[in-house]
Amino acid sequence: MKKRGKGIACMFYPIGFTSYPNPGSAFVKVNQDGTAVVFTGATDMGQGSTTVLAQIAAEELGIRYEHITMVTGDTEKTPFDLGSVASRVTYIVGNAVKRAAHEAKRILLEVAAEKLGVSPDGLCAGDGRIYIKGLPERFLEISEVARIAQMGKGRPPIGSGSFNPITTFLDPETGHGKPYGAYVFATQIAEVEVDTETGVVEVLRIAAAHDCGKAINPMLVEGQVEGGISMGVGYGLFEEMVLDNGVVKNPQFTDYILPTSLDMPEIRVGIIERPEPTGPFGAKGIGEPSLLPTAPAIINAIYDAVGVRIRELPATPEKILKALRETDQGKA
Amino acid sequence: MNGSAIGVSRPRHDAVLQVTGRALYGDDYERPGMLYAKALRSRHPHARILKVDTSRALKLAGVKAVITAEDVPKNRYGFTHLDQPVLADDKVRYMGDVVAVVAATSWDAATEALDQIEVDYLPLPAVFDPVEAMKPDAPKVHGDSNIVSHIKIRSGDVTEGWRISSEIVEDVMRTQVVEHCHIEPHAALAELTDDGTYVIWSTVQRPFLIASDLSRILQYPMNKIRVITPAIGGGFGGKNEITIEPYVCLLAAKTKRPVKMVLSREEEFCGTTVRHPYIVKYRSGVTKDGKIVARQVEIISDSGAYVSWGESTLSKASIHAAGPYFIPHVRIDGYLVYTNNSIGGAMRGFGVPQVGFAYECHMDNIAAVIGMDPLEFRYKNLLTDNSSLPTGQVLEFVTLRETVRKAVELVGWKKEVEWE
Amino acid sequence: MKRAIILVVNGTEHSVEVQPSDLLVDVLRDRLRLTGTKKGCGTGECGACTVLLDGKPVNSCLLLAIRCEGRQITTIEGLGTPDSLHVLQKAFIDNGAVQCGFCAPGMLLSAKALLDENPAPSEMDIRQALAGNICRCTGYVKIVKAVSSAARTMSGAEGGGR
């Protein structure tokens, strides 16, 4: 018989490294044609951070995204970054890029201010222009300002920035302290169907509601959530590296089972945005948290469907059948 | 104004290169005269190394160099504990330990040479169960105790918590060993340039950590070490630390030729870090109206043969082990334990998925005991704005309740929920 | 032992000397420098090395190069170029179907084989056609969406052409 059930799981997760200093840094230069290059040690391993950092630089400089070039992940050519770990790049390197861009922009604003006869604070940048706040028709092209700054005034528009969230070490006896700069939150609900004859679990759908502060790039945020859920499905139902006296018994994908396109449920992603004041344009992070609630939501849904509690991951059909038999015996 | 660059869904900056097969990943790089490196790993989970003889391997056609522990200037690394050898010297402590690495003119020649390296081992008693490993008479992986660290989080007074509880619920949960399974295996290519700079292309998440670790291991200045990350085919924490970079650098120096190394899928499983398996014990006290007032958690984390990121992972797990709930009385103890198993390292979620599975299943079990709906039970106990955590950290903005309501809006719940 | 064979890759004939044991993936990558074909496992499980052999998807890590003599091999480099993207490639980009991108070449070729055979696949058809290609990053959601969207674009274009 096939039985359906629903399970819920909540989570909270910090953005950045535990207690330790956790800096990221960036350089920005604006070329005299109004394009810009961002240099940062942060690497993109597929999560999309380089794209997001370019969006942050574009926004802060007021230069079109297409006019930003990213130079990343080269210890000789880029300033230090701690690394693409701990869901930290958008929040920490994003802030560093924003600060570096702000510093370069400041030079552009000062040069433009002289031309437009206002104070630099009365100006803003957007759409490739520098314009008077509230009077967008009074503007200069950033390309023109950058050329004047560099070749006319001898002030190349460059900037550097770094960011390190304010954290404190933990007291070794009580664990008290402030180990993180910001937190994200999420809830997932899983709906499963359990075959009581075979113990096979089919995950039908998962709703994933995640707060990431501000989604700089909603499509990439969704992608992170969907990918995290697939890793969570694997964690909950399939994946286990079996060690026998220290020897790995399944060191190939033949016996180590990863979720395929046929194993994935329908996923409904809900992004919640409550801007984080210390984040770049309110953003926090999303990389790791997306996977966290999936496995427990599935395990709780199995419990709801057939009344058995799996206490050891993964919830293989063998474990579910064994638990079902024990429950039946308990009743008899 | 056309508006903002923020909040805009854009394809990845390099998507065109990726979909046309033009993005260059680690193994796609090559240099003229390049050699190929293969590692010889341990044959025992725990053994003393008596002798390593590479002379026969060195005589084989195509073999240009073999390195062993003697070739490594500083043969220890690790983020919190410098306990891991680049190449095993006194002992091997798990099956993935590397004893020697060969550089040859082809992958086949390097692989064949591995069989010709003679290693004399004295097998030692080994320990694979972290609970056994904690006992005083267990075989020791390093030094005189297998307990590497004990993380403590204390908030309120759990004894008082038990006293005011109307129900106390206990659970023990276990999580398994998981591999990152980034589809791209580790790959690194090193070249020692004419000006004495090591240029290393490596598929890593932390190029600056690789550079600083290489600087210490090779005893070489950082301005002469350049780590470049090509396109990276997934990481998830698996490419978080130094692995094969010292080998290709040492071999490049020894042979004066560029050297490339790529792990096989089997080596990814047997010789790189994994997600720590945890044993987690929960005990929670609740009042009649469904408020959690006390929670005690004990975590035993199997670190495997070395610490790697085990201590910081356990720290993150411990800090979050009480879950996203306001609980006045909390006591958490996390133990990190050496065994002769594969090394636990960084993996997406860094210890929190393990405790997250445990605390969320525990929450459902408590709800069942007190006869409450699991969603309503959670909703009642969730952290809200300005809640404080067991660490004392106060969270100013908390959107947990919004996420619950959103998830229900997306997919519904078992019953109509009456929001508080 | 070496033998000279002709491999027809993306419509171009290449004369290469191979050992009988040489795998197609290694000949493509190391000899022809077509590195778009990826190696993820070496055991035919992950699908990163998928190429088309006479239009059918195969794991090039399991296939001997000499067995491919005279047959039509399509690699990712033959699907489209940055200046002239295949509809599937464009759909993968626009739908955010690529994260780390390592599975993308194989995934795209499996998708192409599907659409060549079945221009209007259901979601289940797509999921089945891609089940031999593992993606660790995306959860397949946007990949399935991209293939579906490409199918619609291609059939629309054909309809318009008639």
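Structure shown above.
Computed from a predicted model, the values in this text were never measured in an experiment.

### Thoughts on the sheet that holds strand β11 (residues 225–228) of chain B
All names here are of chain B.
And step 1. Strand order in the open sheet made by the seven strands is β3-β5-β1-β12-β9-β10-β11, with mixed pairing throughout. If you trace the sheet from one side to the other, it starts and ends with β3 (63–67) and β11, each paired once. Sheet twist, expressed as the mean angle between neighbouring strand axes with direction ignored, is 20 degrees.
And step 2. Lying on the sheet, helix α6 (residues 207–218) is in contact with β10 (198–202) and β11; it crosses β11 at an angle near 150 degrees.

### Points about the interface of chain C and chain A
And step 1. Between chain C and chain A, the contact holds 21 residues from the first and 20 residues from the second.
And step 2. Put simply, the parts of the chain that give the side of chain C that touches chain A at least two residues each are α4 (123–129) and α5 (141–161) of chain C.
And step 3. Here the side of chain C that touches chain A is composed, by residue class, of 10 nonpolar, seven polar and four charged.

### Examining the nonpolar core
And step 1. Core analysis: the largest hydrophobic core is formed by 249 residues, its most contacted members being V38(A), A57(A), L108(A), I298(A) and I302(A).
And step 2. Residue contributions to this core peak at 15 residues, all from helix α2 (residues 89–116) of chain A.
And step 3. Counting 62 residues, the second largest nonpolar core, distinct from the first, contains A47(B), V101(B), L214(B) and A252(B).

### Re the packing of helix α2 (residues 87–94) of chain C against helix α3 (residues 104–117) of chain C
The packing of two helices is summarised by the inter-axis angle and the distance between the axes.
All names here are of chain C.
And step 1. The N-to-C vectors of α2 and α3 enclose an angle of 125 degrees; their axes lie 10 Å apart at closest approach. Here α2 is positioned oblique relative to α3, judged by the angle of their axes. As for how α2 packs across α3, the hand of that crossing is right-handed. Taking contact as the criterion, the partners of L88, Q89 and F92 in α2 are, on α3, A104, L108, A111 and K112.
And step 2. For the contact of α2 with α3, the per-class residue count stands at five nonpolar, one polar and one charged.

### Brief notes about the interface of chain A and chain B
And step 1. Taken residue by residue, the interface counts 96 residues in chain A and 95 residues in chain B.
And step 2. Within the residue set of the side of chain A that touches chain B, elements represented by two or more residues are β1 (2–15), α1 (49–61), β9 (182–195), β10 (201–211), α4 (218–238), β12 (247–248), β13 (266–272) and α5 (294–306) of chain A.
And step 3. Tallied by class, residues from the side of chain A that touches chain B come to 49 nonpolar, 26 polar and 21 charged.

Thresholds, definitions, all that
Residues numbered from 1 in each chain as written. Chains lettered and ligands numbered in written order. Predicted model: local features only at pLDDT ≥ 70, side-chain atom pairs only at ≥ 80, totals over all residues. Pairing = 2+ DSSP bridges. Helix = DSSP H or I, 4+ residues; strand = E, 2+ residues; numbered from the N terminus. Axes fitted to C-alpha atoms, helices over the stretch in contact; angles between N-to-C directions. Contact = placed C-beta atoms within 7 Å. Nonpolar A, V, L, I, M, F, W, Y, C, P; charged D, E, K, R; others polar. Core = buried A, V, L, I, M, F, W, Y, C linked by C-beta atoms within 7 Å. Buried ≥ 20, exposed ≤ 12 C-beta atoms within 10 Å, placed from the backbone. Parallel < 35°, antiparallel > 145°, perpendicular 65-115°, else oblique. Left-handed = near helix turned anticlockwise from the far one by under 90°.

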